[in-house]
Amino acid sequence: MSYALGIDVGGTFTDAVASDGAGRIVSAKTPTTPPHREVGVMRAIEEIAAELGIGVGDLLAETDFIAHGTTASINALVQGTVAEVGLIATKGHRDSIYIMNAEGRTLGRAAHEIQDTLRQRKPAPLIPKERALEVTERVDHAGKVLVPLDEEEVRARARTLVDQGVEAIAVCLLWSFKNPAHERRVRELIHEIAPDMYVTLSSDVSPRIREFSRTSTTLMNAQIGPRLRMYLTPLQKRLEENGLRGPLLVMQSEGGTITADRARNTRSPRSAPCCPAVSSAACGWRSSSATATSSPPTSAAPRSSRA
């Protein structure tokens, strides 16, 4: 008998559902156990195994995959319980996240709030200015290197951020999505100073034009990345130690999944809320397919994201 497991780790409860090939469904609900959320997950799996009348090892050994959604990322962002992060930006451009342009003043606001300009206030910056540092380099809009990267300056900035006690560093250089070579070299230089530092690059996370949105996304990725790593790494280890051979898949905000070792990014904050919409669409298509043959809509088809 093979199983598929679905696990949703919320702020209060952890829910788990197991389905076998014969259509039997078993569920369990246990308290979430922060900061060691893997404990609550294993307890939920233990309850499912007991309901099925088998051991946890047997259940996990026969599980094809585990689909996992969590509100841990969005809760951390909303509550401010995120990692301490530093930023390395192109010289002259670190203030884009503080100036915000019109974009930062209007994102997430209702139409009537956007129109009421006199009452608008900038949101609080994601990091304090003393942790936003600059390095000498310049790439143009076509990806051509105009000013070489000052590697000694990068090393000095990395040491400064390490001395400030940051847990992660976001790197966002001008036009890096056209040529990521400088950002990748900055990561290498940071790891010379701090081999275990969590480093995230804008060219990996958000390779697109618009400095404010690209930098903000990269910073948030750095803020939640270490927390997700601290959670998913021990969870995957516990599951594998207890017999899981299939992948641990983490739901992404757009409804797809990626493997846990690639899920330390900003595509996971809305992973739990998106699950009902995706599953409902899939169930609706399956019900309708009983009377008519058609292909499932793209939004309803399970898929793997390229995060």
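In every chain, residue numbers begin from 1 and rise along the written sequence. Reporting in this predicted model follows two pLDDT cut-offs: at least 70 for local features of residues, and 80 or more for side-chain atom pairs to be given and counted; totals over whole chains, interfaces and linings ignore these cut-offs and use all residues. Heavy atoms throughout the structure, all of them, feed into the side-chain values; hydrogens and water do not.

**Description of the overall build of the protein chain**
What the protein chain contains, in helices and strands, is eleven helices and twelve strands. Contacts: residue pairs with any heavy atoms within 4.5 Å of one another. Intrachain contacts of the protein chain at a sequence separation of at least 6 include 65% that bridge at least 24 residues. Helix numbers and strand numbers start at the N terminus; a helix is a DSSP run of H or I with at least 4 residues, a strand a run of E with at least 2.

**So, the pattern of salt bridges**
The term salt bridge refers to a side-chain nitrogen of Lys or Arg lying within 4 Å of a carboxyl oxygen of Asp or Glu. Per the stated rule, a full pass over the model turns up twelve salt bridges. For Arg 185, the salt bridge identified is with Glu 151, shortest N-O distance 2.9 Å. Of the two residues, Arg 185 sits in helix 8 (residues 181-193) while Glu 151 sits in helix 7 (residues 151-163), which places them 34 residues apart along the sequence. Partly exposed describes any residue whose relative accessible area lies between the buried limit of under 20% and the exposed limit of over 50%, with all areas from a 1.4 Å probe on protein chains only and scaled to the type maximum. The exposure class assigned to Arg 185 is partly exposed, which follows from its relative accessible area of 24%. Residue Glu 151 is classed as partly exposed on the basis of its relative accessible area of 29%. Of the charged contacts in the structure, one is a salt bridge between Glu 152 and Arg 155, with a shortest N-O distance of 2.7 Å. Taken together, the positions of Glu 152 and Arg 155, both in helix 7 and three residues apart, correspond to about one turn of that helix. What makes Glu 152 exposed here is its relative accessible area of 52%.

**Looking at the sheet that holds strand 6 (residues 132-135)**
One open sheet accounts for four strands, arranged 6-5-9-10; its pairing is parallel. Of all strands in the sheet, those bounded by a partner on one side alone are strand 6 and strand 10 (198-201). Pairs of neighbouring strands in the sheet enclose a mean axial angle of 25°, with direction left out of account. Sheet topology places strand 5 (residues 85-90) next to strand 9 (residues 168-172); five bridges connect them, and they run parallel. The partner of Leu 87 across the bridge, within strand 9, is Ala 170. A pair of strands is considered paired only if DSSP assigns at least 2 bridges between the two. Axis lines are fitted through C-alpha atoms, for helices just across the contact stretch, and the angle between N-to-C directions can take any value from 0 to 180 degrees.

**Considerations on the environment of Val 145**
Position of Val 145 among the secondary structure elements: in strand 8 (residues 145-147). When its relative accessible area of 39% is taken as the criterion, Val 145 is described as partly exposed. Taking the C-alpha atoms as reference, Val 145 lies 9.4 Å from Ala 181; in sequence the two are 36 residues apart. Apart from the residues lying within four places of it in its own chain, the contact partners of Val 145 are Arg 138, Val 139, Asn 179 and His 182.

**Looking at the pairing of strand 5**
Burial within strand 5 is extensive, with six of its six residues counted as buried. Sheet analysis places strand 5 next to strand 6, joined by four bridges and oriented parallel. Within the sheet, the bridge partner assigned to Ala 89 lies in strand 6 and is Glu 134.

**Examining the packing of aromatic side chains**
Aromatic pairs are defined between Phe, Tyr and Trp rings, using the six-membered ring for Trp, whenever the two ring centres lie within 6.5 Å; interplanar angles under 30 degrees are classed as stacked, those over 60 as edge-to-face, and all others as tilted. A full pass over the atoms with the stated rule returns one aromatic pair. With a centroid separation of 5.4 Å and 45° between ring planes, the pair formed by Trp 175 and Phe 177 is classed as tilted. Looking at Trp 175, the relative accessible area reads 24%, which means it is partly exposed. Over the ring of Tyr 98 we find Lys 129, and its NZ or CZ is 5.5 Å from the ring centre. Geometrically, a lysine NZ or arginine CZ counts as sitting over a ring once it is within 6 Å of the ring centre and also within 35 degrees of the ring normal.

On their own, these measurements won't tell you what the molecule is for.
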